[in-house]
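Listed here are the chains, written in short residue letters.
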Amino acid sequence: MAEEEATATQEEETPTTPFLATEGNDKANLVLSLASALLFEAGADITAENLNSIVSATGNAAPEGFVNAYASLLGSDKVDATKMFEFKVGGGSAGGSAGGAAGGAAAAEEKEPEPESEEEEVVVSFGAADGDAAW
C-alpha cells in the first residue's frame, strides 16, 4: 500500500508537459527567451547573429522570423530591456525591526516636501449627493 501511495504522489507531481518535451513554436519561444536573457546578463548585444549562435550551440533551432522578432524588439535602442529581465524573487516582508524603523524616520525627515500639483482633482460620485445610496 505504501508503494501505491508513493507512485500516486510521483504521478501527481509530474507536470503535464515536461520542460524538455516542448516542441514547435513553444520550444522556439522558450529557447529564444533564455538566449535573450543570457545575452542580456552577459552584457552582449541582442542581435539575430548572437541569438542564432546561442540557439545553434545548444543544439536547438528557431524560425528566422522568430529570431528577427526577438532581435528587433530586445535589441532596439528605443526599448529599455532591464524591466523585461528583472527577476524578482518572493513577496515582500511582513515587517522590519525597530532599528530599521528609526533609520526610516531619519530618512523621512531629510526628504524635501513634494510640490503640490496644480491639476484639478476630479470627483466621481455614483450615489446620491446627500450620501443616501439608492442601491
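Since this is a predicted model, take the numbers as computed values, not measurements.

Undergrad: I'd like a rundown of the overall build of the protein chain, residues and numbers included.
TA: For the protein chain, the helix and strand inventory stands at 5 helices and 0 strands. Scanning the protein chain from its N terminus toward the C terminus, one meets helices and strands in the order α-α-α-α-α. The long-range share in the protein chain, meaning contacts at least 24 apart out of those at least 6 apart in sequence, stands at 50%.

Undergrad: If you had to explain helix H3 (residues 48-57) to someone new, which residues and values would you point to?
TA: An α-helical turn contains 3.6 residues, so a residue and the one three or four places further along point in the same direction. Here H3 has its buried residues at Leu 51, Ile 54 and Val 55. All buried residues of H3 project into a common sector of 100° when viewed along the axis, lining one side. The exposed residues of H3 that point more than 90 degrees off its buried face are Glu 49, Ser 56 and Ala 57. Looking at the buried residues of H3, the elements they touch are helix H2 (24-42) and helix H4 (64-74). Positive backbone phi, approximately 80°, marks Gly 59, located one or two places after H3.

Undergrad: So, H4: which residues are in play, and what are the values?
TA: Among all positions in H4, only Val 67, Tyr 70, Ala 71 and Leu 74 are buried. In a view along the axis of H4, the buried residues occupy a sector of 95°, so they form one face of it. Packing partners of the buried residues in H4 comprise H2 and H3.

Undergrad: Account for the nonpolar core, naming residues and giving values.
TA: Ranked by internal contacts, the top residues of the largest apolar core, which has 17 residues, are Leu 32, Ile 46, Leu 51, Ala 62 and Phe 85. For this core, the secondary structure elements donating two or more residues are H2, H3 and H4. With 6 residues, H2 is the largest single contributor of residues to this core. When near neighbours in sequence (up to four residues on either side) are disregarded, Phe 85 contacts Ser 33, Ser 36, Ala 37, Phe 40, Glu 41, Ile 46 and Leu 74.

Undergrad: If you had to explain the side chain of Ser 36 to someone new, which residues and values would you point to?
TA: Looking at the element boundaries, Ser 36 is found in helix H2. Setting aside its immediate chain neighbours within four residues, Ser 36 contacts Ile 46, Leu 51, Tyr 70, Leu 74 and Phe 85.

Undergrad: Go over the packing of H3 against H4 with me, naming the residues and quoting the values.
TA: At a minimum axis distance of 9 Å, the contact between H3 and H4 shows a crossing angle of 125°. Relative to H4, the element H3 lies oblique. For the element pair H3 and H4, the recorded crossing hand is right-handed. Along its contact with H3, which presents Ala 48, Leu 51 and Asn 52, the element H4 presents Glu 64, Val 67, Asn 68, Tyr 70 and Ala 71. In the contact of H3 with H4, the residues fall into 5 nonpolar, 2 polar and 1 charged.

Undergrad: Let's hear about the confidence of the model for the protein chain: which residues, and what values?
TA: Residues shown with low pLDDT carry predicted positions that ought not to be read at fine detail. Taken as a whole, the protein chain shows an average pLDDT of 74; of its residues, 53% reach a score of 70 or greater. When mean pLDDT is compared element by element in the protein chain, H3 scores highest at 95, while helix H5 (residues 98-110) scores lowest at 56.

Undergrad: An account of the packing of H2 against H4 is needed here, citing residue identities and associated values.
TA: Close contact between H2 and H4 brings their axes to 10 Å; oriented N to C, the two are set at 35°. Handedness of the H2/H4 crossing: right-handed. Listed contacts from H4 to Asn 25, Ala 28, Asn 29, Leu 32, Ser 33 and Ser 36 of H2 are Phe 66, Val 67, Tyr 70 and Leu 74. Residue composition of the contact of H2 with H4, grouped by class: 6 nonpolar, 4 polar and no charged.

What counts as what
- Residues numbered from 1 in each chain as written.
- Predicted model: local features only at pLDDT ≥ 70, side-chain atom pairs only at ≥ 80, totals over all residues.
- Heavy atoms only, no water.
- Helix = DSSP H or I, 4+ residues; strand = E, 2+ residues; numbered from the N terminus.
- Contact = heavy atoms within 4.5 Å.
- Buried < 20%, exposed > 50% of the residue type's maximum accessible area, 1.4 Å probe, protein only.
- Arc of directions from axis to C-beta.
- Core = buried A, V, L, I, M, F, W, Y, C linked by side-chain atoms within 4.5 Å.
- Axes fitted to C-alpha atoms, helices over the stretch in contact; angles between N-to-C directions.
- Parallel < 35°, antiparallel > 145°, perpendicular 65-115°, else oblique.
- Left-handed = near helix turned anticlockwise from the far one by under 90°.
- Nonpolar A, V, L, I, M, F, W, Y, C, P; charged D, E, K, R; others polar.
- pLDDT = per-residue confidence, 0-100.

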